[in-house]
Structure formats: structure tokens, C-alpha cells
Amino acid sequence: METEEKLTLDDNVLLSDGNDYRLVKLRDVRFFETYGNYSKTYFSDGKLLIYRSLNYLDERLSGRCFFRANRQQILNLSHIRNVELLDNSFFRVEMSCGKKIDLSRRRSKEFKGEFCI
């Protein structure tokens, strides 16, 4: 069985909510958020509910471009505007749209280990 390459910011993907299709460049996706067995995809011009789980997306997206913040969200790293350390144990990030997202304690440790120099 051939393994699929991880998707990066330069890749175009066809997203579908079952009725509508939208061809997007992954760099335009701000973040993905779980919605039951589906995922909401947030862009600068709105959002789209897609029939893919967050776990599926986590497997397909490159860890160099996207980061699983917690059980609910996967972030596009290029859309993180600010990072704040809270209680010396976890991070809160502010996205380019102004939304603030808390990284879980475990993910905060991974984030620090991966991106701090």
C-alpha cells in the first residue's frame, strides 16, 4: 500500500460539504475545528463544514505547516499572530483572525520542543 505525501501550504485541495465544492490553497485555511465526525474549515472569507474528521486531517497535513493544538483544532502555523505562555504550563495562540486558541498541556510541550530555539 502506497503512503500518501503530507499536504503542505502550497497544495490545492478540493473541499466538499456534500453539496458545494471549493478548490482552495491550504495556505488560505486558518484552522480546522472538530464538529462531531466532521470538521469546520475557517478561511478569511468564511467557513465550510467538510465531511472529514480532524484525525483524518491530522494524518494528511504536514506537521511543518499545521499543528494539532488540542482535541478540537488543527492550526495553520502561518496564521499564528501571537503566542502567550499561561500558568507556565500551556500556550495560548492568537490567530490572524483574532481568535484565541489554547493548546493542551501535552501539545504545549510538543509545541515548545518543536518550535523554541
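Details of the structure are given in the entry above.
Quick caveat: nothing in here was measured; it's all calculated off a predicted structure. (Residues numbered from 1 in each chain as written. Predicted model: local features only at pLDDT ≥ 70, side-chain atom pairs only at ≥ 80, totals over all residues. Heavy atoms only, no water.)

## Let's talk about the sheet that holds strand E5 (residues 46-50)
Paired through their backbone hydrogen bonds, the strands of a sheet run either parallel or antiparallel. Applied cut-off: For two strands to count as paired, DSSP must find a minimum of two bridges between them. A run of H or I in DSSP counts as a helix once it spans at least four residues, and a run of E counts as a strand once it spans at least two, with each numbered from the N terminus. What counts as an axis is a line fitted to C-alpha atoms, over the stretch in contact for a helix, and the angles between N-to-C directions run from 0 to 180 degrees.
What the 5 strands build is an open sheet, ordered E5-E4-E3-E7-E6; its pairing is antiparallel. At either end of the open sheet lies a strand with only one pairing partner, and these are E5 and strand E6 (66-68). Ignoring which end each strand starts from, the neighbouring axes of this sheet average 20° apart. Sheet analysis places strand E3 (residues 29-35) next to strand E7 (residues 73-76), joined by 3 bridges and oriented antiparallel. Residue pairing across strands places phenylalanine 31 opposite leucine 75, the latter belonging to E7.

## Let's talk about the pattern of salt bridges
Our working rule: Here, a salt bridge means any side-chain nitrogen of Lys or Arg that lies within 4 Å of a carboxyl oxygen of Asp or Glu. Per-residue accessibility, obtained with a 1.4 Å probe over protein chains only, is compared with the maximum for each type, and a residue is labelled buried under 20%, exposed over 50%, and partly exposed between these values.
Counted according to the given criterion, the structure contains 8 salt bridges. Between arginine 27 and aspartate 10 there is a salt bridge, with the nearest N and O atoms lying 2.1 Å from each other. Linking arginine 27 in the loop between strand E2 (21-25) and E3 with aspartate 10 in the segment before strand E1 (12-16), this pair joins segments that are 17 residues apart in sequence. Note that aspartate 102 is salt-bridged to arginine 92, the shortest N-O span being 2.6 Å. Residue aspartate 102 is found in strand E10 (residues 100-102), and its partner arginine 92 is found in strand E9 (residues 90-95); the two are separated by 10 residues along the sequence. You can call arginine 92 partly exposed: its relative accessible area is 26%. Salt bridges sharing common partners tie together Arg106, Arg107 and Glu110.

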